[in-house]
Amino acid sequence: MNLKPQYMKPVIYFMLLFSLVLTTSTSCKKGDTGPEGPPATAKVYYSEWFRPDVYIKDTVFGAWGFKYNKAVPAITQKILDSGAVLTFGKLLGYNPLIWPANQVSQLPISVNYISGGRQEDVWTATASPGNLRIRFTNNNNYWTALATEHQFRYVIIPGGMPESKLLTLTYKEVSRLYNLRD
């Protein structure tokens, strides 16, 4: 094919335009999906800080403790099976030298100090469908009543992140990860 110079420019433009149309029409079709992203986590629910008003004294294997039950309808069997319920405490009933007022930790919390001998206070949380139980024990059965200044907050996380990873996070990390407001 021998083309005269005056016909070369239009042929080159036509070939470039044809190549451009061919490239864009074959590289991506409407409706194509991209690579799958990370799994989304359903909406996280968290409580306001609350203070147990009345603790109930109970005895387990000869050691007494104090418990507080909080009704939490959002704790379902599905959450317990595939999600996580984290409970955090601000133990404001202690001397700030033992537990600083701005300190927040995930339960269980163990507090060791000397008062009439070596003391160990343990705070735990147990979730069951519709309920969150906060429980306190002392290794010497030392206390006959509890201060009501202590505050607690729970965070309910539907399935999505392995629970073992969540249990190692600090309160600051959980707050940042799920945008919790104080």
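Residues numbered from 1 in each chain as written. Predicted model: local features only at pLDDT ≥ 70, side-chain atom pairs only at ≥ 80, totals over all residues. Heavy atoms only, no water.

Observations regarding the sheet that holds strand β6 (residues 109-114)
Judged by pairing direction, the sheet is antiparallel, and its five strands sit side by side in the order β2-β3-β8-β7-β6 without closing on themselves. Each edge of the sheet is formed by a strand with only one pairing partner; in this case those strands are β2 (56-60) and β6. The sheet shows a mean angle of 25 degrees between the axes of neighbouring strands, direction not considered. Across seven bridges, strand β3 (residues 63-71) lies against strand β8 (residues 131-138) in antiparallel orientation. (Pairing = 2+ DSSP bridges. Helix = DSSP H or I, 4+ residues; strand = E, 2+ residues; numbered from the N terminus. Axes fitted to C-alpha atoms, helices over the stretch in contact; angles between N-to-C directions.)

A look at the packing of aromatic side chains
Applying the stated rule across the entire model yields 13 aromatic pairs. When the ring of Tyr 55 is compared with that of Trp 123, the centres are 6.3 Å apart and the planes differ by 65 degrees; the resulting orientation is edge-to-face. Of this pair, Tyr 55 sits in the loop between β1 (45-46) and β2 while Trp 123 sits in strand β7 (residues 118-128); the two residues are 68 residues apart in sequence, bridging distant segments of the chain. For Trp 123, a relative accessible area of 0% translates into the label buried. Aromatic pair Tyr 94 and Tyr 113: ring centres 6.1 Å apart, planes at 70 degrees, arrangement edge-to-face. (Phe/Tyr/Trp six-rings, centres within 6.5 Å; stacked < 30°, edge-to-face > 60°. Buried < 20%, exposed > 50% of the residue type's maximum accessible area, 1.4 Å probe, protein only.)

Comments concerning the pairing of β8
Of all eight residues that make up β8, six are buried, and the element is covered over most of its length. The sheet contact formed by β7 and β8 spans eight bridges and is antiparallel. In the strand pairing of β8, Asp 121 is matched with Asn 138. Linking β7 to β8, which pair antiparallel, is a turn of two residues; within it Gly 130 sits at a positive phi near 80 degrees.

Overview of unusual backbone geometry
With omega at 15 degrees, the peptide bond leading from Leu 107 into Pro 108 counts as cis. You can see Pro 108 is positioned in the loop between β5 (105-106) and β6. With a phi close to 50 degrees, Phe 61 is a non-glycine residue in the positive phi region. By the secondary structure assignment, Phe 61 is in the loop between β2 and β3.

Considerations on the nonpolar core
Core analysis: the biggest nonpolar cluster contains 23 residues, and Leu 91, Tyr 94, Trp 123 and Phe 152 have the highest contact counts within it. Among the elements of the structure, β3, β6, β8 and β9 (151-157) are those that each provide at least two residues to this core. The residues touching Leu 91, leaving out its near neighbours within four places in the chain, are Trp 99, Ile 109, Val 111, Trp 123, His 150 and Phe 152. Residues Val 44, Ala 84, Leu 166 and Leu 169 belong to the second largest nonpolar core, which totals 13 residues. (Core = buried A, V, L, I, M, F, W, Y, C linked by side-chain atoms within 4.5 Å. Contact = heavy atoms within 4.5 Å.)

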